[in-house]
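Geometric and topological summary
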Amino acid sequence: MSAADTTTPAKVPPPRQAPPPAVPGTPRRPSAKGAAGTPWLLLAPCLLVLAGVMGYPLVRLGTLSFQKFGQSQLWGFQPAESAGFGNFTKVLSDGEFWQVVLRTIVFAAGSVIFTMVLGMLIALLLQRVSGWVRTLINIALVASWGMPVIVATTVFKWLFDSDYGVLNAVLSKLPGVDLIGHNWFASGPQGLAVIMLLVVWGAVPFVVITLSAGLTQVPKELEEAARLDGAGAWGVFRYVTLPILKPVVVMLTTLSVIWDMGVFPQVFVMRNGHPEAEFQLLTTYSYDRAFVVNDYGQGSAIALITVVLLLGVVAVYMRQMLKIGEVE
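Here's a quick rundown of the structure. Only a predicted model underlies this, so the values are computations on that prediction, with no experimental measurement involved.

1. So, the nonpolar core
One finds Phe97, Met120, Leu211 and Leu282 to be the most contacted residues of the largest nonpolar core, which totals 31 residues. Mapped by element, the contributors of at least two residues to this core are α4 (86-92), α5 (95-126), α9 (188-215), α11 (233-261), α13 (282-292) and α14 (296-327). At nine residues, the largest contribution of residues to this core is made by α5. In contact with Met120, other than residues within four places in its own chain, are Leu211, Phe237, Leu245 and Val249. Among the nonpolar cores identified, the runner-up in size contains 23 residues, and Leu141, Leu179, Leu192 and Val199 belong to it.

2. Structural notes on the environment of Ser111
For Ser111, the location among the structural elements is in helix α5. Considering only alpha carbons, one finds Ser111 and Asp260, 149 residues apart in sequence, at a separation of 6.9 Å. Ser111 has contacts with Met196, Val199, Val200 and Asp260, leaving out every residue within four places of it along the chain.

3. A closer look at unusual backbone geometry
Unusually for a residue other than glycine, Asn272 sits at a positive phi of about 60°. Following the sequence through the fold, Asn272 ends up in the loop between α12 (265-270) and α13. You will see that Asn294, though not glycine, has its phi angle at about 65°, which is positive. Inspection of the secondary structure assignment puts Asn294 in the loop between α13 and α14. Note on Asn294: relative accessible area 24%, which makes it partly exposed.

4. Concerning the packing of aromatic side chains
Scanning the model with the defined rule gives 17 aromatic pairs in all. Here Phe160 and Trp184 contribute two aromatic rings whose centre-to-centre distance is 5.7 Å and whose plane-to-plane angle is 90°, an arrangement assigned as edge-to-face. Taken as a pair, Phe160 in the loop between α7 (149-159) and α8 (166-171) and Trp184 in the loop between α8 and α9 lie far apart in primary sequence, 24 residues in all. Relative to Tyr296, the ring of Phe291 lies with its centre 5.7 Å away and its plane at 80°, an arrangement referred to as edge-to-face.

5. A word on the packing of α9 against α11
Closest axis-to-axis distance for the α9/α11 pair is 10 Å, and the angle between their directions is 155°. Here α9 lies roughly antiparallel to α11, going by the angle between them. The chirality of how α9 crosses α11 is right-handed. Contacts from Val199, Phe206, Val207, Thr210, Leu211, Gly214 and Leu215 in α9 reach Thr241, Leu245, Val248, Val249, Met251, Leu252, Leu255, Trp259 and Asp260 in α11.

6. Topic: α9
Taking 1.5 Å per residue, 28 residues should reach 40 Å; α9 reaches 38 Å between its end C-alpha atoms and fits that length. Maximum bend of α9: about 35°, positioned at Ala203, with proline Pro205 one to four residues after it. Burial within α9 is extensive, with 20 of its 28 residues counted as buried.

7. Observations regarding the pattern of salt bridges
All told, the structure shown has five salt bridges when counted by the stated rule. Measuring nitrogen to oxygen at the nearest pair gives 3.8 Å for the salt bridge that ties Arg289 to Asp94. With a gap of 195 residues between them, Arg289 in helix α13 and Asp94 in the loop between α4 and α5 connect regions that are remote in the sequence. The exposure class of Arg289 is buried, given its relative accessible area of 17%. Note that Glu224 and Arg227 form a salt bridge whose closest N and O atoms lie 3.8 Å from each other. One end of the pair, Glu224, and the other, Arg227, are both in helix α10 (residues 220-228), three residues apart, so they sit about a helical turn from each other. Counted as one network, the salt bridges with shared partners bring together Asp94, Glu96 and Arg289.

What counts, and where the lines are drawn
Residues numbered from 1 in each chain as written. Predicted model: local features only at pLDDT ≥ 70, side-chain atom pairs only at ≥ 80, totals over all residues. Heavy atoms only, no water. Core = buried A, V, L, I, M, F, W, Y, C linked by side-chain atoms within 4.5 Å. Buried < 20%, exposed > 50% of the residue type's maximum accessible area, 1.4 Å probe, protein only. Helix = DSSP H or I, 4+ residues; strand = E, 2+ residues; numbered from the N terminus. Contact = heavy atoms within 4.5 Å. Phe/Tyr/Trp six-rings, centres within 6.5 Å; stacked < 30°, edge-to-face > 60°. Axes fitted to C-alpha atoms, helices over the stretch in contact; angles between N-to-C directions. Parallel < 35°, antiparallel > 145°, perpendicular 65-115°, else oblique. Left-handed = near helix turned anticlockwise from the far one by under 90°. Expected span 1.5 Å × (residues − 1). Bend = angle between axes of the 7 residues up to and from the residue. Salt bridge = Lys/Arg side-chain N within 4 Å of Asp/Glu carboxyl O.

As far as function goes, none of this settles anything; it's purely spatial.
Pasting the structure below:
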């Protein structure tokens, strides 16, 4: 037997087949460039509307903040004069402004914490009640959420009225409590606590509804496995439920910070259109400087500083969401 007979013949690869011809009428797959541009194309109408609605006010706000603009300039008696950074220098060197900033931060932080904690507790409670009870609570939440802010503020103003308030009359029936004629707005901390309660009451429904929707995405198998491993109710919530809800919680917290730092009608209506110094927040302080003192340039500077602070909150939110996306 020769060596040629014992050698295994080399395998020849099969010839490459040509792709089948395209069937007429079959849609082509979009290219990578087209797929990347599709979301922007879909967002274009919304972005154009936002630019039209918010673009001019923001540009005008920025322009006024660098000008000396009062009633004379408003009525056209004198032209607007450039102030450079003078308005910002006056604002940032004013001790009252920093008191307002601190008060706004404390007010927003308290409102957000109470809103998120109370909303989470109610959302968890809704998972453990019967269907008809859940339906009734959701109806009540939507009804309170849909109530106009001015109406809700007026109701709270009546509840906490010193002469005819229901709360004082009810609390005075408790042993050793006498709040007849008590003025809740005699001091800033008490009055802001009432306004904070109003803000929380209006914000909780949205938080509860959103968290309830998020809780439906938590796998029951993971919760059951955690219980079998010996975890209690707090352990299941901390190590199973909360990590899954983290994107929703971050989003709600960021939105709550933005909304609560922009509170205006609650304070304005509660104080009959003239908030005292100890009730001033950044929004009312800007309004007061612009439309009461008639210094529109300084009021615009305060409003622009508020916008910058809120952009910082948005930047923190985007950073957290990117971190969550990298982990996932």
